[in-house]
Amino acid sequence: MARRLLRADAPFRVPAAYPPSSRPAPEVPMNWTPALRVLLLLLLALSGRAAAFTPAQYQIYCGFPFYDVTQWQLTPNWVSRWNALGARTGVPDLGTQLSGGLQKAGTVRQAVSNTVASILIGNEATQQYYDTWYSAPVLRQLTALGIADPDFGLSTAAGVAQQSVPNDCLSAERRRMLEGFAAQAMAAYQKLGFTSPGGKNLGPVVQGGSQRAVRLYVLPPELYEGAANTSGRCQQGGKIQRQNLSFVKINANELRGTDAKAFYIIAHELFHVVQAAQGLETRPGLDRCDLMHHWMHEGMADALALHVTRTRFPNYRPSLTDDIGLNFYGLRSMSLSLPQPHTPTASDLRNYRASSFWRHLAERYHGGQYAFYAQYLDLPETNAGRDDWLNHADILVSRDAAVTIAPEQRQASRNGLYLTLPDFYTEYATWGTEKFSAVGDAAWMKEAFAPCQTVTLDARTNRSQTLTFADMQPFSARCVRVKFTGLQVGQRFSVVPMTGPLGNGLADELHLGRARSSGLKAFNCYQDFSVKRLGQTLHPGCLFKPFTGADSGVRVWQAEADEPAPGRSPEYLWVLSWVPADASDRQLTRRASPTLVLGLDVTTLNSALPPSPPAPSTTGAPVRKRTVGTVNLDPPDSAQEVLPLRGAEQTGLTGDLNLSKLAFGVQDLGVSALNRAAQDATDGDLYALGVSLADVSFGPVSFGDLSAVQENFESDGDFLGISPERAINFGQTGTFRAWVLGGNNQRSESPMTRLYITPPGPDGLPGPGLTLNVTQFDRAALVVEFSGAVCSVPWPPPPTRPLAEHLAAACARTYPVSGTIVKPHAFVYSRAQALTVGDTPGTRLYRQDMQAFLGAALPGLNGLPGGPTGAGSGAAGPPPAAAGAGSGPGSRLPGTGGCALSDRQLLEFLAYSDDPGEGPPPFDLSVLGTLSSPACVQRLMELQPQEP
């Protein structure tokens, strides 16, 4: 069985009938032996209260605290049972020796009266006991009786246990080194700003020659089954006795290994002593034993201990098989809830290894500094009386101004755990290769996420894959490896992830993060988590942007287009986490088995049409021709593959836009209404398709002073618009005829020079020369195969030649075209099932995060409706006043036909849209809200130069 490590309440290895020293003493009559009563009474009667004292010296002592032995006396037959226990170590009379040591004190019985004894008995757990011991009158009498120490020492050489034996369980040289480690660790904690425990709580302050030192106890492994523990402050009824000392006890074997391991063990236990002195455990109403949940109590202690250990021993890297290896790396299964409130067991130490989250906060958001934990532990419990420690952790993180996407703004942070935890889980999946490369990915992932589900998407069969995460726990995470087959070099594709239909608001609580991507658009969460901008660090993190159905039953994530990198097949590592917006311990009993559906969006085109020259790149990156497929009104000019979304708030072209809502699909400019009108007019769900041989580059895109490598559409390139003779309804399959109307150089600076059509019919219009074979149109996917011939018509036609004649002449030669359009989650194209996006609680938190990022990356957005200034309100304000107008919102200027912007401002916008160039736009971004009003849209059309 694995050794129990660093357990704060680990008992001595005694039969179950014996309570460990860290447990509260039961209420029993005063029946201690008269000898013990008298000895304690003498010590207490002759001394006063000890002054607070924080010594810098420490003493390693081989033995038990006197307090522990007095606790053992309270159990039946304790002498015989300790004799049996001692027989295992070659000291069969161990219990007798301990009893004899107590009885030896009986010779001073007459020193005080029984009346005083009945009042002061039991102070052996306080500093008063030790200070009294060393007072001159008491020390003279005890020395004469052969009692040389206030505690019970153990001698491995003499095989005895009493108050007068040498301290020889470790060599003197080793003890001196360990005593130095203790002083160094405590000095490090004091430097970080933690409140000093003071002499009365730090530990027994004993006299060692001319110096006073804090005593730490070392016990032989035969008598102690744990690695270490800190006890003594818990009393009857589960209350903390504030006058009691913290007794640190450590298994001798743990201190005989490497120096770094010994330092870590000591540092961990001393941090428990420090924790006990902080406001979180000393304020009124917070004096209950085991008040703080272990994932915080032990996790923070391990995080701080590991920090000071790594500072002292920067090259220490234990193997995973070392008994502290997993603790050192904070390596544990994230498939189990991180906030585990229960007491650790010998086989389950994940509470300690929750240190990885507390280390993540320090290293990612606080520049590797840990001083902020002094503030975390000084904040009084926010839910005193109901012990909701998960909620408390959520509030701690929410109030930490550094834990945000844009720390320099010093505003509300990353909405507590809702976004911080999923980002942590995603980055954690990369630690085995990035943070602890010696561990390696295979060993790391086996411990952290096993089993990791693997799915292979085939571009030839076009099948979606559904993954089920059985019996998932809240505040946990699972991993997914996405592989591909059938993709060709240069083939553009995207994976669109969506949950299956879920109840109870579960969809809004699921998050998807990308840990690694090895496609052309490579991504590594550990490396790309943070970005630099003009000396400040922003933390956009690693989560995909979500869109949640208005009924919170479905969540779809914004996928990004990719293509295979030269020489390797793409592979993704994603992390799905379940983190509710309501962070509360009551969530921990929930269980769910969510499903994740991964669909491949891919289009192929085989065409004999001569491609037009590629458009110039705005980023300087090489431009490639890439095939893009669209359905209905989907535009082909976006790198972000977003499904058709219908916003819950229909705005039309009005000036009351909230851009943050628009970014998450909550608001709808009216595109979905146009789409629905076209569906109704054609009496079908699918009324148009499109295939573009687009001009695409992969290169840096600027966001203010930030840049990121992503796919850029330079133009729609060569476009084939496909219109079925009759609209196709959801669920319908079969063969359909269609006609084509398109052209080259679409949305390009170059004019269109070729018109693409199917050969004209008798009426002179493009005829149904294309065949569509719809093999699938259901919830999972839309799959359409097309084939036929098209004409390439020189454009514009000669002004003196009739159009019909010009078309007929050009169509004397046709070009074969064929291909396949695959779109996942095809129910979104159905009128009856179109996905309506709502402003759910989770969406609002994501929006607030995005606003903070854009506020730092593009400061001009601060004045926009719903921008960072009003982050979190979710309300769209009135349209802003036009720049330079001097009037309030909604004012109209002469000469603009009711538009609140001047012609000069509109012309500046048109010039910028034609040639954005480098740097920020030359106009105030606040005009965008007003720009969308119908009057301004009409005026823009009037001012826009017409094609000759």
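A quick note: this is a predicted structure, and the numbers were derived from the prediction, not measured. (Residues numbered from 1 in each chain as written. Predicted model: local features only at pLDDT ≥ 70, side-chain atom pairs only at ≥ 80, totals over all residues. Heavy atoms only, no water.)

Once that is clear, we can look at the overall build of the chain. Looking only at helices and strands, one finds 27 helices and 33 strands in the chain. In the chain, the share of contacts with a sequence separation of at least 24, taken over all contacts with a separation of at least 6, comes to 74%. When the accessible area of the chain is evaluated, it comes to approximately 36,500 Å², of which 53% is carbon and sulfur surface. (Helix = DSSP H or I, 4+ residues; strand = E, 2+ residues; numbered from the N terminus. Contact = heavy atoms within 4.5 Å. Areas by Shrake-Rupley, 256 points an atom, 1.4 Å probe, with all protein chains shown as cover.)

Glancing now at the confidence of the model for the chain. Taken over all residues, the pLDDT of the chain has a mean of 78, while the share at 70 or more is 72%. Across residues 157-166 the pLDDT falls below 50, and counting only partners more than four positions away or on other chains, this stretch makes 34 contacts in the model. Note on residues 869-897: pLDDT is under 50 here. Beyond four places in sequence and across chains, it has 47 contacts. (pLDDT = per-residue confidence, 0-100.)

Another point: the pattern of salt bridges. Counted by the stated rule, this structure contains 26 salt bridges. Each of the salt bridges in this network shares a partner with another, and the network as a whole consists of Arg676, Asp680, Asp683, Asp685 and Arg831. (Salt bridge = Lys/Arg side-chain N within 4 Å of Asp/Glu carboxyl O.)

Relative to strand 5 (residues 211-219), strand 4 (residues 205-208) runs antiparallel, the two being bridged by 4 bridges. For Gly208, the partnering residue across the bridge sits in strand 5 and is Gln211. Connecting strand 4 to the next strand, strand 5, in antiparallel fashion are 2 residues, including Gly209 with a positive phi near 70 degrees. (Pairing = 2+ DSSP bridges.)

Let us now look at the pairing of strand 7 (residues 247-251). Burial analysis of strand 7 places 5 of its 5 residues in the buried class, the great majority of the element. Of the strand pairs in this sheet, strand 5 and strand 7 are connected by 3 bridges, and their pairing is parallel. Within the sheet, the bridge partner assigned to Tyr217 lies in strand 7 and is Lys249. Of the strand pairs in this sheet, strand 6 (residues 228-231) and strand 7 are connected by 4 bridges, and their pairing is antiparallel. Looking at the pairing, Ser231 lines up with Phe247 of strand 7. (Buried < 20%, exposed > 50% of the residue type's maximum accessible area, 1.4 Å probe, protein only.)

For the coordinates displayed, the defined rule picks out 3 disulfides. A sulfur-sulfur distance of 2.0 Å marks the disulfide that ties Cys525 to Cys542. Here the S-S torsion is close to 90 degrees, and the disulfide linking Cys525 with Cys542 is therefore right-handed. Linking Cys525 in helix 20 (residues 525-528) with Cys542 in the loop between strand 15 (536-538) and strand 16 (546-548), this pair joins segments that are 17 residues apart in sequence. Accessibility classification places Cys525 together with Cys542 in one group, the buried group. Sulfur-sulfur distance for the disulfide between Cys791 and Cys811 comes to 2.1 Å. Taking the sign of the S-S torsion, 120 degrees for the link of Cys791 and Cys811, the bridge is right-handed. A residue pair is termed long-range when its members are at least 10 positions apart, and Cys791 in strand 31 (residues 781-794) and Cys811 in the loop between helix 23 (803-810) and strand 32 (815-824) qualify at 20 residues. Per residue, the accessibility class of Cys791 equals that of Cys811, and both read buried. (Disulfide = S-S within 2.5 Å.)

This part is about the sheet that holds strand 10 (residues 476-485). Within the open sheet, the 5 strands sit side by side as 8-10-19-12-13. Their pairing is mixed. Whereas interior strands pair on both sides, the edge strands pair on one side only; in this sheet they are strand 8 (453-458) and strand 13 (523-524). Two elements, strand 12 (residues 510-517) and strand 19 (residues 571-578), share 7 bridges in a ladder whose sense is antiparallel. Within strand 19, the residue paired with Ser517 across the bridge is Tyr572. Against the sheet, helix 18 (residues 417-428) touches strand 10, strand 12 and strand 19, its axis set at about 30 degrees to strand 12. (Axes fitted to C-alpha atoms, helices over the stretch in contact; angles between N-to-C directions.)

The next thing to look at is the nonpolar core. Counting residues in each nonpolar core, the largest one holds 104 residues, and the members touching the most others are Tyr189, Trp358 and Tyr373. Of all the elements, helix 10 (residues 259-275) adds the most residues to this core, at 11 residues. In terms of nonpolar packing, the next biggest core, distinct from the first, is built from 46 residues, Met498, Val556, Phe664 and Leu720 among them. (Core = buried A, V, L, I, M, F, W, Y, C linked by side-chain atoms within 4.5 Å.)

A surface patch of nonpolar side chains, amounting to about 340 Å² of accessible area, comprises Leu633, Leu669, Val671 and Leu674. Summarising the element assignment, Leu669 is placed in the loop between strand 25 (667-668) and helix 22 (671-682). (Patch = residues over 30% accessible without salt bridge, like charges linked within 9 Å, V, L, I, M, F, W, Y side chains within 5 Å.)

The next thing to look at is the environment of Asn745. Mapped onto the elements, Asn745 comes out in strand 28 (residues 734-746). Separated by 26 residues in sequence, Asn745 and Phe719 have C-alpha atoms that sit 8.1 Å apart. Residues contacting Asn745, with those up to four places away along its chain left out, are Ser612, Pro613, Gly717, Asp718, Ser750, Pro751, Met752 and Thr753. Polar contacts involving the side chain of Asn745 include one to the main-chain carbonyl oxygen of Pro751, which spans 2.9 Å. (Polar contact = N/O pair within 3.5 Å; in protein donor to acceptor, adjacent residues only side chain to side chain.)

Contact geometry for helix 17 (residues 389-399) and helix 18: axes closest at 9 Å, N-to-C directions at 90 degrees. By the angle class used here, helix 17 and helix 18 are roughly perpendicular. Contacts between helix 17 and helix 18 involve Leu390, Ala393, Asp394 and Val397 from the first element and Leu417, Tyr418 and Thr420 from the second. Along the lines of polarity and charge, the residues of the contact of helix 17 with helix 18 split into 5 nonpolar, 1 polar and 1 charged. (Parallel < 35°, antiparallel > 145°, perpendicular 65-115°, else oblique. Nonpolar A, V, L, I, M, F, W, Y, C, P; charged D, E, K, R; others polar.)

Take helix 12 (residues 294-312) next. The end-to-end C-alpha distance of helix 12 is 26 Å, a good match for the 27 Å that 19 residues give at a rise of 1.5 Å each. Counting buried residues along helix 12, 17 of its 19 residues qualify, which places the element largely inside the surrounding structure. (Expected span 1.5 Å × (residues − 1).)

Another point: the environment of Leu686. With respect to the element layout, Leu686 can be found in the loop between helix 22 and strand 26 (689-703). Separated by 11 residues in sequence, Leu686 and Asn675 place their C-alpha atoms 9.9 Å apart. Sequence-distant contacts of Leu686, defined by excluding residues within four places in its chain, comprise Val631, Asn632, Pro724, Ala727, Ile728, Phe777 and Leu782.

Moving on: helix 10. Taking 1.5 Å of rise per residue, the 17 residues of helix 10 would be expected to cover 24 Å, and the 24 Å separating its terminal C-alpha atoms lies within 8% of that figure. Of all 17 residues making up helix 10, 16 are buried, and the element is well covered by its neighbours.

Time to look at the side chain of Ser530. Topologically, Ser530 is positioned in the loop between helix 20 and strand 14 (531-533). A distance of 2.7 Å separates a polar atom in the side chain of Ser530 from a polar atom in the side chain of His539. Ignoring anything within four residues of it in the chain, the contact list for Ser530 reads Arg364, Thr537, Leu538, His539 and Pro540.

Attention now goes to the packing of aromatic side chains. Counted under the stated rule, the structure contains 35 aromatic pairs. Ring geometry for Phe372 versus Tyr376: centroids 5.1 Å apart, planes at 85 degrees, classification edge-to-face. Linking Phe372 with Tyr376, this pair stays in helix 16 (residues 372-378), spanning 4 residues, or about one helical turn. Owing to a relative accessible area of 8%, Phe372 belongs among the buried residues under this scheme. (Phe/Tyr/Trp six-rings, centres within 6.5 Å; stacked < 30°, edge-to-face > 60°.)

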